[in-house]
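Report on the structure
Single-letter residue listing:
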Amino acid sequence: MASVGTALRELRGAQKSAKGVSLYSRFVNRPAGRYLAAGSYALGLTPNQVTLVSAAFSFAAVAAVALAAPSWGLGVAVWAALAVGFAFDSADGQLARLRGGGSAAGEWLDHVVDCAKITALHTCVLIAFHRFPEAYGIAAGGDGWLLVPLVFQFAAVVTFFGGLLTDKLKPKPAAGSPAAAPSTLRAVALLPVDYGVFCLVFLLLGGGELFAWAYAGLGAVAVLFLLAFLAKWFRELSAVRR
């Protein structure tokens, strides 16, 4: 089995295109995932095992949001677990490429875990708002706040599914064709809807009402981006003949 150093050198030349990727994913999550993939390779782990490690970190954080009263310490722990889970989510694909390619079952598992993670996280925020309304600054009769996670969840899931389906339906570039250069402006613009940036909001859990308003703000941004993405994807696919 190759050493971590050898695996890292091989991974540097086997990275996916940075097109359509935010600055966080490009300069933080993917590099972190590269080190985790190299370490996993040296340990003999499979991509599916790495996917399950990602799920374990992510769902532990999700459960903590729903079960524990908000505090600054909880916020740091939830953010750390979500961030590590996200890095392992990048590592599984990189490990698959390092091992010579992934499988259809592995890709399926990765996407199912991603969708479950997104759905569960917003569901658990809704549960937290319901269980600890005073801690989040939700006044008596403020049930309208429970709609915020539902709307955010709707935008996140439709964006995830729409992007995945668009990628499957668009024709693949011809083999050997040069990859388009990534746009720095686009990478910056995508930061508000990057999952890694979203995870940062949980650092504000101890602020209660501050977290609720920051979360709601990101939810509003997610809805606006969804509308923009849907128009863009429909326009792109309208030119595709099947």
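A short tour of the structure in this document, coming up. (Residues numbered from 1 in each chain as written. Predicted model: local features only at pLDDT ≥ 70, side-chain atom pairs only at ≥ 80, totals over all residues. Heavy atoms only, no water.)

**Brief notes about the packing of helix α3 (residues 47–67) against helix α4 (residues 72–98)**
- Orientation of α3 relative to α4, taken along the N-to-C sense of each, is 160°, at an axis distance of 8 Å. Of the possible angle classes, the one that applies to α3 and α4 is roughly antiparallel. In this structure, α3 meets α4 at a crossing whose hand is left-handed. Where α3 approaches α4, its residues P47, V50, T51, V53, S54, F57, S58, A61, A64 and V65 are matched on the opposing element by L74, V78, A81, L82, V84, G85, F88, D89, A91, D92, L95 and A96.
- Along the lines of polarity and charge, the residues of the contact of α3 with α4 split into 16 nonpolar, 4 polar and 2 charged. (Axes fitted to C-alpha atoms, helices over the stretch in contact; angles between N-to-C directions. Helix = DSSP H or I, 4+ residues; strand = E, 2+ residues; numbered from the N terminus. Parallel < 35°, antiparallel > 145°, perpendicular 65-115°, else oblique. Left-handed = near helix turned anticlockwise from the far one by under 90°. Contact = heavy atoms within 4.5 Å. Nonpolar A, V, L, I, M, F, W, Y, C, P; charged D, E, K, R; others polar.)

**A few points about the nonpolar core**
- By size, the foremost hydrophobic cluster in this structure holds 35 residues, and its most contacted members are V78, L82, F129, Y136, F198, F202 and F211.
- Among the elements of the structure, α3, α4, α5 (104–131), α6 (147–169), α8 (195–199) and α9 (209–238) are those that each provide at least two residues to this core.
- Residues contacting V78, with those up to four places away along its chain left out, are A61, A64, V65, F202 and L205.
- By size, the runner-up hydrophobic cluster in this structure holds 10 residues, among which are L8, V50, A91 and L98. (Core = buried A, V, L, I, M, F, W, Y, C linked by side-chain atoms within 4.5 Å. Buried < 20%, exposed > 50% of the residue type's maximum accessible area, 1.4 Å probe, protein only.)

**Digging into the environment of Y24**
- In this structure, Y24 sits in helix α2 (residues 23–43).
- Classification of Y24 by relative accessible area gives buried; the value is 15%.
- As for Y24 and D194, which are separated by 170 residues in sequence, their C-alpha atoms are 7.3 Å apart.
- If sequence neighbours within four positions are ignored, Y24 has contacts with N29, F86, L191, D194, G196 and V197.

**Points about the pattern of salt bridges**
- Going through the model one piece at a time under the given rule, you end up with 6 salt bridges.
- E236 is the partner of K170 in a salt bridge, and the nearest nitrogen-oxygen pair spans 3.5 Å. Of this pair, K170 sits in the loop between α6 and α7 (184–189) while E236 sits in helix α9; the two residues are 66 residues apart in sequence, bridging distant segments of the chain.
- Between K232 and E236 there is a salt bridge whose closest N-O contact spans 2.7 Å. You can see K232 and its partner E236 sitting in helix α9, 4 residues apart, about one turn around the helix.
- E236 gets classed as partly exposed once you look at its relative accessible area, which sits at 26%.
- Taken together, the shared-partner salt bridges in this structure form one network comprising D89, D114 and K117. (Salt bridge = Lys/Arg side-chain N within 4 Å of Asp/Glu carboxyl O.)

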